[in-house]
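So the chains spell out like this:
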Amino acid sequence: CDFVVKYGLEILQVVDPGDPSIDLTQLGEVFVAEETLINSGPFDGLDNREAILRITEFLEEKKIGQESVNYRLRDWLISRQRYWGTPIPMIYCETCGWVPEREENLPVLLPTDVTFTGKGESPLATSGSFQDTDCPVCGGPARRELDTMDTFLDSSWYFLRYTDPANNREAWDFARQKYWMSVDQYIGGVEHAILHLMYSRFFQMAFCDLGLVSHEEPFTNLLTQGMVIKDGKKMSKSIGNVVSPDEIIARYGADTARLFILFAAPPEKELDWSDTGVEGSYRFLNRVYRLVSDLLETLPAPGPAASSRAAKTPADRDLSYAMNAAIKKVTEDVGERFNFNTAISAVMELVNEIYRYKEETDPDPALLRTALENLVLILTPFTPHLCEELWEKLGHVTSVYRRSWPAYDEGALVRDVVEIVIQVNGKVKDKLHIASRLDKEAFEKTALADQRVQALLNGRELVKVVAVPGKLINLVVR
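Since this is a predicted model, take the numbers as computed values, not measurements.

Cut-offs and rules
- Residues numbered from 1 in each chain as written.
- Predicted model: local features only at pLDDT ≥ 70, side-chain atom pairs only at ≥ 80, totals over all residues.
- Heavy atoms only, no water.
- Pairing = 2+ DSSP bridges.
- Helix = DSSP H or I, 4+ residues; strand = E, 2+ residues; numbered from the N terminus.
- Axes fitted to C-alpha atoms, helices over the stretch in contact; angles between N-to-C directions.
- Patch = residues over 30% accessible without salt bridge, like charges linked within 9 Å, V, L, I, M, F, W, Y side chains within 5 Å.
- Areas by Shrake-Rupley, 256 points an atom, 1.4 Å probe, with all protein chains shown as cover.
- Salt bridge = Lys/Arg side-chain N within 4 Å of Asp/Glu carboxyl O.
- Lys, Arg positive; Asp, Glu negative; His and termini not counted.
- Charge placed at Lys NZ, Arg CZ, Asp CG, Glu CD.
- Buried < 20%, exposed > 50% of the residue type's maximum accessible area, 1.4 Å probe, protein only.
- Parallel < 35°, antiparallel > 145°, perpendicular 65-115°, else oblique.
- Left-handed = near helix turned anticlockwise from the far one by under 90°.
- Contact = heavy atoms within 4.5 Å.
- Nonpolar A, V, L, I, M, F, W, Y, C, P; charged D, E, K, R; others polar.
- Core = buried A, V, L, I, M, F, W, Y, C linked by side-chain atoms within 4.5 Å.
- Right-handed = clockwise from strand over helix to strand, strands pointing away.
- pLDDT = per-residue confidence, 0-100.

Structural notes on the sheet that holds strand 11 (residues 228–230)
Hydrogen bonds between backbone atoms are what pair the strands of a sheet, whose relative direction is either parallel or antiparallel.
Piece 1. Spatial ordering of the open sheet is given by 12-11-13, a layout of 3 strands whose pairing is mixed. At either end of the open sheet lies a strand with only one pairing partner, and these are strand 12 (233–234) and strand 13 (271–272).
Piece 2. Two strands pair when backbone bridges link them, and strand 11 and strand 12 are joined in this way by 2 bridges, in the antiparallel orientation. The residue bridging K230 from the neighbouring strand is K233, located in strand 12.

A short note on the sheet that holds strand 4 (residues 90–93)
Piece 1. Pairing is antiparallel across the open sheet formed by 4 strands, whose spatial order is 5-4-7-6. This sheet does not close on itself; its edge strands, each paired only once, are strand 5 (97–100) and strand 6 (132–134). Between one strand axis and the next, the sheet turns by 40° as a mean value, whatever way the strands run.
Piece 2. Here strand 6 runs beside strand 7 (residues 141–144); their pairing, made up of 3 bridges, is antiparallel. Note on strand 7: the bridge partner recorded for D134 is P141.

Description of a negative patch on the surface
Piece 1. A cluster of like negative charges, contributed by E57, E60, E61 and E67, occupies part of the molecular surface.
Piece 2. Tracing the backbone through its elements, the reader meets E67 in the loop between helix 1 (48–61) and strand 3 (86–87).
Piece 3. A relative accessible area of 58% means that E67 is categorised as exposed.

Examining the packing of helix 11 (residues 340–358) against helix 12 (residues 365–379)
Piece 1. Running from amino to carboxyl end, helix 11 crosses helix 12 at an angle of 160°, the nearest separation of the two axes being 11 Å. Accordingly, the angle class assigned to the pair helix 11 and helix 12 is roughly antiparallel. Note that helix 11 runs across helix 12; the crossing there is left-handed. Of the residues in helix 12, those in contact with V347, L350, V351, I354 and Y357 of helix 11 are L367, L368, A371, L372, L375, I378 and L379.
Piece 2. Class assignment of the residues belonging to the contact of helix 11 with helix 12 gives a composition of 12 nonpolar, no polar and no charged.

Considering the environment of E410
Piece 1. Residue placement: E410 occurs in the loop between helix 13 (384–393) and strand 14 (417–424).
Piece 2. C-alpha of E410 to C-alpha of K328: the two residues are 82 residues apart in sequence and 9.0 Å apart in space.

So, the nonpolar core
The nonpolar side chains of soluble globular proteins are, as a tendency, buried together.
Piece 1. One finds F284, L291, L350, I354, L372, L375 and F382 to be the most contacted residues of the largest nonpolar core, which totals 42 residues.
Piece 2. Elements supplying a minimum of two residues to this core: helix 9 (275–295), helix 10 (314–337), helix 11, helix 12 and helix 13.
Piece 3. Sort the elements by how many residues they give to this core and helix 11 lands first, with 11 residues.
Piece 4. Beyond its immediate chain neighbours, meaning those up to four positions away, L375 contacts V288, L291, V347, L350, V351 and I354.

So, the pairing of strand 9 (residues 183–189)
Piece 1. Note that strand 9 and strand 10 (residues 219–225) share 6 bridges and pair parallel. Note on strand 10: the bridge partner recorded for Y186 is L222.
Piece 2. Read from strand 9 through helix 6 (residues 190–209) to strand 10, the crossover connection turns out right-handed.

Some remarks on the confidence of the model for the protein chain
Piece 1. Summarising the model, the protein chain shows a mean pLDDT of 86, and 90% of its residues fall at 70 or more.
Piece 2. With pLDDT under 50 throughout, residues 1–13 is counted as low confidence; its partners more than four residues away or in other chains account for 53 contacts.
Piece 3. Considering only residues more than four positions removed or in separate chains, one finds that residues 27–32, a stretch of pLDDT under 50, has 14 contacts.

This is the structure in structure tokens:
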């Protein structure tokens, strides 16, 4: 052909095989970078990623090559002599040879009378009840296959069995799998998910070609979890840096462990294990428990009779805003984005706001009850045991899990007054509460008229005003 293409992770070079100055055996390792091609004839100067497309087009035009995608799936592992693998339903008979087990005898179950000798043999070979059987064809004495298939075999189709788990006639009913499949959300660790996803997709596509399933893809969405890091290394039994969950649960409770893991990092990122972080989560949950306990005697009875006062104070509006903002944030972060850490941050902000509100001169008990109940409801997915107890403390007879998820009020999220930052020459000097629905001209005029802003000018010449309505005003002075 006219050109030899050096492929790897990226294009390196395209050379003329007839050029005597080039030794094709000495091209070396593939260089991975975002660079431009050199010494590549008509492709000189192209970005290497664009060059891949252009060179492919060139080869196809010349009818000397074409674009293709190659997949490499590892052969299935049979060689491991493991007890807990998947039995192979085949039987060896001296007369009939290698024959399959009868369908009515399926599935072949692993025996319980095995001995683990440590000699390298299959544990199944120590079970007479398993190894010795009758030939399904002639009825004579025969031997079962003692090798087992890798457990990947089971994990590659278990989700299909979930669609019809009580079926004793077949693996699944076509109509049932059609109703349930495909899986809406798959969540798995990065190391486990790679091969498992490949094998399960292979199985699903093969089943689809055989007409056994209705969908070619098994999973609709994928969330890959990050790994847990401790002392700079992946947490692993082989390394010896594993933190026992039993110890954490015994000291802090299961809810603390759950909250820390969900709060420490986004689920798709690595999580750095921190003992101080666990302690911080424990202190936060104790703070929530004290908040509910301290206010119990001041709250009205639960139920629709607990209505707020008609005239809202600024503090009432602030708490209502914080409560509805937290519900909205948790609803969207958990239900749409799996951002558990930011959802928990919103819950923490609501807790702080309730603490501030209860110290007001005239807090509304009914509003406090509403805020506390919503706090418990949106915290429940993260700390279910604590919230069940707090829900009972708040006077509810039925479980918190029988209560519907709270809805937020869009109207409460529109603030009449907002807090803005006052800057002088780019440095924050003060804060100011101002009407939220002002255009830029009215916002600037109202802010400059405030006594605190005038005091910051202190007679200096105002050179320029940078106003961002609802956020800040920056006074450039000299």
